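# Working through the structure, step by step
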Amino acid sequence: MPAPILPAHEPDALARAADILRGGGLVAIPTETVYGLAADATNADAVAKIFAAKQRPHFNPLIAHVTGLGAARKQAKLSDAALTLIRNFWPGPLTIVAPRADDASVCDLACAGLDTIAIRAPAHGDARALLSMVDFPLAAPSANVSGHVSPTSAQHVAEELSGVVDLILDGGQCFVGIESTIVAAPLDGPLTLLRLGAIPVETIESVVGPLARVTKGDATIAPGMLARHYAPRAHLRLNAETPRPGEAFLAFGAMSGHANLSESGDLTEAAARLYAFLRALDATGVTGIAVARVPETGLGEAINDRLKRAAEGR
Ligand code: TXA
Ligand code: MG
């Protein structure tokens, strides 16, 4: 049975979502980055449904979404550097990976058995309202089948996961459009960038100084960083100047007559539109999508990271 899509602003929509979550069900929720597939993070049976619905490997841990610092402290041991990050970037698209608190309530399965936990406080109003109605963190990976393009609208979620969620809460188009930046904050050792994302690295570094980087293939500290990910069905060709026969073209900047990430060359707009364009072009049935060059500055670094992973291995 297809899941109902309920506009979040309708009376009782959030209450209904909260009830389903309390009962151990799955709700797709809007966040500012991408839609999440949410369950009670303290309920291992509910969390198991997330892994099954996404066909996600169990070694890949989930982000626990919280209302803010108070709830985060119950789950994680936060260093001074982590607290600085939280003060500057929450609520918002920054995920912090920190050692789990001794009496943390988030289940082992959500953390894939690791002694660290990923936490973030989303900025989206509906996500915040829902989190304040339930008294547990929400485990929520992106609401797509593992490896596919992340969803930035309720419709995208319905296309992939309609049969396996109990409710899709429609909070409109995600206004950031690309996943959170992930930074590891160990109690001793440097802050380390684990995933490029919605907050540009230089913005974070302007607050906390240079971030350490993961060396390629360090699967133990960044289990989800698969080379091929965020991928449409069509083959992706990057840094293209013109499409070849049979290819769709995804433009950037002043280029006319094509799908265009941002006519004005605005990287924030491009990030917000990226996944919707990849899905729409893929749905036309083309065998390839040629993508124009996107500058490697600011959010462009995260956009290019996603494009490279989407193009990998084909
Ligand atoms: O913007 C986002 O972050 C979205 C929205 C829904 O919040 N969520 C998201 O979740 O992108 P997901 O599961 O698609 O990506 C989370 C990443 C995965 O690569 C996972 O391996 C990593 O976070 N992660 C989770 N817990 C971790 C941990 N303890 N240590 C290292 N990496 C972790
Ligand atoms: Mg994902």
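Just so we're clear, the structure is a prediction, and the values are computed from it rather than from any experiment. (Residues numbered from 1 in each chain as written. Chains lettered and ligands numbered in written order. Predicted model: local features only at pLDDT ≥ 70, side-chain atom pairs only at ≥ 80, totals over all residues. Heavy atoms only, no water.)

Turning our attention to the packing of aromatic side chains. For the structure shown, the criterion picks out one aromatic pair. With a centroid separation of 6.3 Å and 5° between ring planes, the pair formed by Tyr 230 and Tyr 275 is classed as stacked. One end of the pair, Tyr 230, is in the loop between β11 (212–213) and β12 (235–237); the other, Tyr 275, is in helix α8 (residues 267–283), with 45 residues separating them in the sequence. With respect to class, Tyr 230 is no different from Tyr 275; both count as buried. Over the ring of Tyr 230 we find Arg 306, and its NZ or CZ is 4.7 Å from the ring centre. (Phe/Tyr/Trp six-rings, centres within 6.5 Å; stacked < 30°, edge-to-face > 60°. Helix = DSSP H or I, 4+ residues; strand = E, 2+ residues; numbered from the N terminus. Buried < 20%, exposed > 50% of the residue type's maximum accessible area, 1.4 Å probe, protein only. Lys NZ or Arg CZ within 6 Å of the ring centre and 35° of its normal.)

For the rest of this paragraph, the subject is the environment of Glu 263. Considering the arrangement of structural elements, one finds Glu 263 in the loop between β14 (259–260) and α8. On a C-alpha basis, the gap between Glu 263 and Val 286 in space is 23 Å, while along the polypeptide they are 23 residues apart. Setting aside anything within four residues of it in sequence, one finds Glu 263 in contact with Gly 253, Ala 254, Glu 269 and Arg 273. Engagement of the side chain of Glu 263 in a polar contact is seen with the side chain of Arg 273, the distance being 3.5 Å. (Contact = heavy atoms within 4.5 Å. Polar contact = N/O pair within 3.5 Å; in protein donor to acceptor, adjacent residues only side chain to side chain.)

For the rest of this paragraph, the subject is the site of ligand 1. Taken together, 27 residues sit near ligand 1, with Thr 33, Arg 56, Asn 60, His 65 and Ser 180 positioned nearest. One nitrogen or oxygen atom from the side chain of Thr 116 is found 3.0 Å from a nitrogen atom belonging to ligand 1. Here Ser 142 contributes a side-chain N or O atom positioned 3.1 Å from an oxygen atom of ligand 1. Coverage of ligand 1 by the protein amounts to 97% of the 680 Å² it exposes when considered alone. Contributing elements (two or more residues each) for the shell around ligand 1: β4 (63–65), β6 (116–120) and β10 (192–195). With four residues, β6 is the largest single contributor of residues to the shell around ligand 1. Considered class by class, the residues forming the shell around ligand 1 number 15 nonpolar, eight polar and four charged. (Near = heavy atom within 4 Å. Areas by Shrake-Rupley, 256 points an atom, 1.4 Å probe, with all protein chains shown as cover. Nonpolar A, V, L, I, M, F, W, Y, C, P; charged D, E, K, R; others polar.)

Strand order in the open sheet formed by four strands is β12-β15-β13-β14, and the pairing between neighbours is parallel. The open sheet has two edge strands with one neighbour each: β12 and β14. Judged from the four bridges that link them, strand β13 (residues 247–251) and strand β15 (residues 288–291) form a sheet pairing that is parallel. Within β15, the position partnered with Phe 249 by the bridge is Ala 290. (Pairing = 2+ DSSP bridges.)

If you walk through the whole model with that rule in mind, you get 14 salt bridges. Among the salt bridges present, the one from Asp 102 reaches Lys 77, with a minimum N-O distance of 3.2 Å. With Asp 102 in the loop between β5 (94–99) and β6 and Lys 77 in the loop between α3 (69–75) and α4 (80–89), this pair connects stretches of sequence that are 25 residues apart. For Asp 102, a relative accessible area of 72% puts it in the exposed group. Of the charged contacts, one joins Arg 100 and Asp 108 as a salt bridge, the two residues approaching to 2.9 Å between their closest N and O atoms. (Salt bridge = Lys/Arg side-chain N within 4 Å of Asp/Glu carboxyl O.)

Our next topic: the sheet that holds strand β3 (residues 36–40). Within the open sheet, the eleven strands sit side by side as β1-β8-β2-β3-β7-β4-β6-β5-β9-β10-β11. Their pairing is mixed. In the strand order of this sheet, the two ends are held by β1 (5–7) and β11, each with one partner. Contacts from helix α1 (residues 13–22) reach β1, β2 (27–29), β3, β7 (138–139) and β8 (167–170), with the element oriented near 145° to β8. Where helix α6 (residues 154–161) meets the sheet, its contacts fall on β1, β2, β3 and β8, and the angle it forms with β8 comes to roughly 165°. (Axes fitted to C-alpha atoms, helices over the stretch in contact; angles between N-to-C directions.)

What follows deals with the environment of Tyr 35. Tracing the chain through its elements places Tyr 35 in the loop between β2 and β3. With relative accessibility at 0%, the residue Tyr 35 sits in the buried group. Side-chain polar atoms of Tyr 35 contact the backbone nitrogen of Gly 171, separated by 3.0 Å.

Another point: the packing of α8 against helix α9 (residues 300–311). Where α8 contacts α9, the axes come no closer than 9 Å and their chain directions differ by 25°. In terms of axis orientation, α8 runs roughly parallel to α9. Judged by the twist between their axes, the crossing of α8 over α9 is left-handed. For the pair formed by α8 and α9, the contact residues are Leu 267, Ala 270, Ala 271, Leu 274 and Tyr 275 on the first element and Gly 300, Ile 303, Arg 306 and Leu 307 on the second. By residue class, the composition of the contact of α8 with α9 is seven nonpolar, one polar and one charged. (Parallel < 35°, antiparallel > 145°, perpendicular 65-115°, else oblique. Left-handed = near helix turned anticlockwise from the far one by under 90°.)

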